[in-house]
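# Overview (structure and organization)
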Amino acid sequence: MVKVITYGTYDLLHYGHTRLLERAKALGDYLVVGVTADDFDKTRGKINVQQTLEERIAAVRATGLADEIIVEQYEGQKIDDIRRLDIDIFAIGSDWEGYFDYLNEYCNVHYLPRTEGVSSSQIRSETNALRLGLVGYSPFVNKFFDESKFVNAVDVVGVCTPEDGDLESLSDKVDVFTRDFDELLTAVDAIYIHSHPKDHYKQCKKALEAGKHVLCESPTGMTKEECQNLIKYAKDSGLVFMEAIRTAYITAYLRMLLLIKSSKIGKVISVDATCTSLTSTKSVGNNPRWSSLEAWGPTALLPVFQILGTDYSSKDIFVKNTEDGYNEFTKINFTYPEATATIKVGTGVKSESDLIISGTKGYIYVPAPWWKTDYFEIRYENPANNKRYFYQVDGEGIRYELVALADAVRGGCEDYYISRNVSEEIASIMN
Ligand code: CTP
């Protein structure tokens, strides 16, 4: 019996996939199809996959062409599969020509001509692209624009920058380039806001009132009430309203939270988060400089509230201002009934910007800059038990935020990454 194996993501299964499977099957008597797991796709930069692994497997099964379906979960697995399953032929589309020649050592490698004119990427962008408008200043909006190119499900069609903004470099890349927020709103389905925090509330409100979904940098409002108003308005209007703190969308950070909730370090007693930079680069023209808390507060508060909750019993705040009244450093101590937390944020003061979470069995150490980490360590009394965790991070989390926005608009959960009470408490601290 000649055994053939092929691999793919098979998202939104299309004619090109079925043709490939038919031809692979025809090469032998028994066809094994490897369907890639979500995590594996993520590590190879494929972040736009819309269907779950179960849905993709079901679609491959429904073709009736696979004799066996397996899940591809790790780099190098193909060699293991070929040896384990005693495979004779490895078949794959010609878009991979040459790439899998190393498998010739284990079986025969066949590259089958790819079907022209169809791909999952194309189907995703044609059917679902969310017309997105960006509001804010350089360099953040430029970075966001560049990252949006990796996400099929969104299409940036317009940019709005205030009078003193400097985004001219984007003017010929989008349909609408404007100083007028209302004009931008007429051209989009959703809006991403990265303006000065003091402008967030009124811009979010305006966008929601215009019937647009919103992804807004944190804080969404400068008081808890403002944040609650926006959440309620969006809910009543059937619109997606999401808070953007990149860290919350990064795999390493998400996995770290799960390990903490799974009691890997025991009961958490202390969370200490530091975020500092020597300048607040988020200042343009006449726009007020971002204070230390505006620039870094939401990021530093995120692990505190996500790990210990928002029911602290007291807080005390140390603030250091420059002579001209600019707030360049803030330290907040939170006291919980059975735990404590500290955040230190600076835009004119430098410190080791790491994150330490102390528990009764061990602690987690995330090195600087922890907010865009791909790595963390769980450390125990006995160093032999320490564990290191590595995860891929692409685009500092911006891509994942955009994918999450598109998912939420399609009916996914909008507060999965940042729960509503965390958003509200962050806004309350800004106040
Ligand atoms: N394939 C093909 N013809 C197409 C599309 C895919 O022969 N038009 C083949 C690929 O070469 C691969 C298999 O189908 O062997 C699974 O490909 P996959 O990456 O899942 O599909 P794509 O449509 O290429 O997905 P994407 O656009 O996300 O890259």
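Since the model is a prediction, treat every value here as computed from it, not as a measurement.

### As for the site of the ligand
Around the ligand there are 18 residues in total, and His17, Asp95, Val118, Ser120 and Ser121 lie nearest to it. One of the side-chain nitrogen or oxygen atoms of Arg124 is found 2.9 Å away from an oxygen atom of the ligand. Contact with the protein chains hides 93% of the accessible area of the ligand, taken as 570 Å² for the molecule alone. Of all elements in the fold, only α1 (15-26), β4 (89-93) and α5 (120-128) reach the threshold of two or more residues within the shell around the ligand. Of the residues in the shell around the ligand, the class split is 4 nonpolar, 10 polar and 4 charged.

### Focus: the packing of helix α10 (residues 251-261) against helix α11 (residues 292-308)
At a minimum axis separation of 11 Å, α10 and α11 run at an interaxial angle of 30°. With respect to each other, α10 and α11 are oriented roughly parallel. Remark: the crossing between α10 and α11 carries right-handed chirality. Here Tyr253, Leu257, Ile260 and Lys261 of α10 come into contact with α11, specifically with Leu302, Pro303, Gln306 and Ile307.

### Comments concerning the nonpolar core
Residues Met256, Phe305, Phe334 and Ile357 are the most contacted members of the largest nonpolar core, which totals 78 residues. Counting residues per element, this core draws most heavily on α11, at 10 residues. Look past the residues within four positions of Met256 in its chain and what remains in contact with it is Leu355, Ile357, Ile364, Val366 and Phe376. Among the nonpolar cores identified, the runner-up in size contains 24 residues, and Ala187, Ile191, Tyr201 and Leu208 belong to it.

### Overview of helix α3 (residues 53-62)
Looking only at α3, the buried set comprises Leu53, Arg56, Ile57 and Val60. For α3, the buried positions fall inside an angular range of 100° around the axis, keeping them on one side. Opposite the packed face of α3, turned more than 90 degrees from it, sit the exposed residues Glu54 and Ala62. On its buried face, α3 is in contact with α1, β2 (30-36), α2 (38-43) and β3 (68-72). Two residues or fewer past α3, Gly64 is found with a positive phi of approximately 75°.

### Section: the pattern of salt bridges
Following the criterion strictly, the structure yields 24 salt bridges and no others. Between Arg84 and Asp81 there is a salt bridge, and its shortest N-O distance comes to 2.8 Å. With Arg84 and Asp81 both in helix α4 (residues 77-84) and 3 residues apart, this pair spans about one turn of that helix. We classify Arg84 as exposed; its relative accessible area is 55%. Here Glu414 and Arg420 are joined by a salt bridge, their closest N and O atoms 3.2 Å apart. Judged by its relative accessible area of 25%, Glu414 falls in the partly exposed class.

### Things to note about the packing of aromatic side chains
Scanning all chains against the criterion turns up 19 aromatic pairs. Ring pairing ties together the aromatic residues Tyr7, Phe90, Trp96, Tyr99, Phe100 and Tyr102, which thus form one cluster. Over the aromatic face of Tyr7 sits the side chain of Lys78, whose NZ or CZ is 4.7 Å from the ring centroid. In this structure, Arg399 is placed above the aromatic ring of Phe150, and the distance from its NZ or CZ to the ring centre is 3.6 Å.

### Observations regarding the environment of Asp374
Relative to the elements of secondary structure, Asp374 occurs in the loop between β17 (362-366) and β18 (375-380). Spatially, the C-alpha atoms of Asp374 and Ile317 are 31 Å apart, while their sequence positions differ by 57 residues. Sequence-distant contacts of Asp374, that is, excluding residues within four places in its chain, are made with Ala252, Tyr389, Phe390, Tyr391 and Val393.

### Topic: the sheet that holds β4
The strand order across the open sheet formed by 5 strands is β3-β2-β1-β4-β5, and the pairing between neighbours is parallel. Of all strands in the sheet, those bounded by a partner on one side alone are β3 and β5 (108-112). Each neighbouring strand pair of the sheet contributes to a mean axis angle of 25°, computed without reference to strand direction. Summarising the sheet, β2 and β3 pair through 5 bridges and their orientation is parallel. Of the residues in β3, the one forming a bridge with Val35 is Val71. Strand contacts of α3: β2 and β3, with the helix running at about 160° to β2, the strand carrying the most contacts. Contacts from α4 reach β1 (3-8), β3 and β4, with the element oriented near 150° to β3.

### Notes on the pairing of strand β11 (residues 241-244)
Going residue by residue along β11, you find Phe241 and Glu243 tucked away on one face and Met242 and Ala244 tucked away on the opposite face as well. Of the pairings in the sheet, the one linking strand β10 (residues 213-217) to β11 comprises 4 bridges and is parallel in character. Paired with Glu217 across the bridge in β11 is Ala244. Once you follow β10 into helix α9 (residues 224-237) and on to β11, the crossover reads as right-handed.

### Side note on the sheet that holds β18
Sheet architecture is open: 8 strands sit in the order β13-β14-β15-β12-β16-β17-β18-β19, paired in mixed fashion. What marks the edges here is a single partner per strand, and that holds for β13 (314-321) and β19 (387-390). Neighbour-to-neighbour, the strand axes of the sheet open up by a mean angle of 10°, direction not taken into account. Two strands pair when backbone bridges link them, and strand β12 (residues 268-276) and strand β15 (residues 339-346) are joined in this way by 7 bridges, in the parallel orientation. Bridge pairing in β15 places Asp272 opposite Thr342. Sitting on the sheet, α11 touches β12, β14 (327-336), β15 and β16 (355-359), and the angle it makes with β15 is about 160°.

Conventions and cut-offs
Residues numbered from 1 in each chain as written. Predicted model: local features only at pLDDT ≥ 70, side-chain atom pairs only at ≥ 80, totals over all residues. Heavy atoms only, no water. Near = heavy atom within 4 Å. Polar contact = N/O pair within 3.5 Å; in protein donor to acceptor, adjacent residues only side chain to side chain. Areas by Shrake-Rupley, 256 points an atom, 1.4 Å probe, with all protein chains shown as cover. Helix = DSSP H or I, 4+ residues; strand = E, 2+ residues; numbered from the N terminus. Nonpolar A, V, L, I, M, F, W, Y, C, P; charged D, E, K, R; others polar. Axes fitted to C-alpha atoms, helices over the stretch in contact; angles between N-to-C directions. Parallel < 35°, antiparallel > 145°, perpendicular 65-115°, else oblique. Left-handed = near helix turned anticlockwise from the far one by under 90°. Contact = heavy atoms within 4.5 Å. Core = buried A, V, L, I, M, F, W, Y, C linked by side-chain atoms within 4.5 Å. Buried < 20%, exposed > 50% of the residue type's maximum accessible area, 1.4 Å probe, protein only. Arc of directions from axis to C-beta. Salt bridge = Lys/Arg side-chain N within 4 Å of Asp/Glu carboxyl O. Phe/Tyr/Trp six-rings, centres within 6.5 Å; stacked < 30°, edge-to-face > 60°. Lys NZ or Arg CZ within 6 Å of the ring centre and 35° of its normal. Pairing = 2+ DSSP bridges. Right-handed = clockwise from strand over helix to strand, strands pointing away.

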